[in-house]
Amino acid sequence: QVQLVETGGGLVQAGDSLRLSCVASGGTASPATMGWFRQSPGKEQEFVADFMGPAGSALYADSVKDRFTISRDHAKNMVYLQISSLKVEDTAIYYCAARPTAAEKYRYWGQGTQVTVSS
């Protein structure tokens, strides 16, 4: 069973930058894919980005690809999400997710970290 723990959320102002981190533990092998989803108030959860390793292949939602950068440290079992030029509409709970193989749905989820962007 893989456990995911996110850190790095908080209250920021529009235009600021923020880096979210997620560490995976408990698995026998590093998950094939780790990524980020978010859920804004009153909206459904949406895909943000993911990173398939170890060769490294990132995928982004169209709505964030110009401002969000995902990266991964396989040695540390960590995935990061760098967010620049934050907008009020980026306010959401950001969830880290992982799946053992690329063919599976995301199986493991973190508890989420709140990002609140003020104008």
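All of the points below concern the structure found in this document. (Residues numbered from 1 in each chain as written. Predicted model: local features only at pLDDT ≥ 70, side-chain atom pairs only at ≥ 80, totals over all residues. Heavy atoms only, no water.)

**Concerning the packing of aromatic side chains**
- One pass over the full model with this rule turns up four aromatic pairs.
- Between F37 and F47, the aromatic rings sit 5.5 Å apart at their centres with planes inclined by 75°, giving edge-to-face as the arrangement. Placement of F37 in strand β4 (residues 33-39) and of F47 in strand β5 (residues 46-52) is noted, with a sequence separation of ten residues between them.
- A relative accessible area of 24% means that F47 is categorised as partly exposed. (Phe/Tyr/Trp six-rings, centres within 6.5 Å; stacked < 30°, edge-to-face > 60°. Helix = DSSP H or I, 4+ residues; strand = E, 2+ residues; numbered from the N terminus. Buried < 20%, exposed > 50% of the residue type's maximum accessible area, 1.4 Å probe, protein only.)

**Observations concerning the pattern of salt bridges**
- Applying the stated criterion across every chain, the model contains six salt bridges.
- Residue R67 pairs with D90 through a salt bridge whose shortest N-O separation is 2.8 Å. With R67 in the loop between β6 (57-60) and β7 (68-73) and D90 in the loop between β8 (78-83) and β9 (92-99), this residue pair connects regions lying 23 residues apart in the sequence. Each member of the pair, R67 as well as D90, carries the same accessibility label: buried.
- For E104, the salt bridge is made with R107, and the minimal N-O distance between the two is 2.3 Å. (Salt bridge = Lys/Arg side-chain N within 4 Å of Asp/Glu carboxyl O.)

**Regarding the pairing of β4**
- Burial runs high along β4: six of the seven residues are buried.
- Pairing of β4 with β5 involves six bridges; the strand directions are antiparallel. Within the sheet, the bridge partner assigned to T33 lies in β5 and is M52.
- Hairpin connection between β4 and β5: a loop of six residues separates the two successive antiparallel strands, and G42 in this loop has a positive phi of roughly 80°. (Pairing = 2+ DSSP bridges.)

**Focus on the nonpolar core**
- The biggest cluster of nonpolar side chains holds 27 residues, and the ones touching the most others in it are L4, L20, M34, W36, L81 and Y94.
- Put simply, the parts of the chain that give this core at least two residues each are β3 (18-25), β4, β5, β7, β8, β9 and β11 (113-118).
- The contacts of Y94, once residues within four sequence positions are left out, are E6, L20, W36, F37, R38, F68, L81, I83, G112, T113 and V115. (Core = buried A, V, L, I, M, F, W, Y, C linked by side-chain atoms within 4.5 Å. Contact = heavy atoms within 4.5 Å.)

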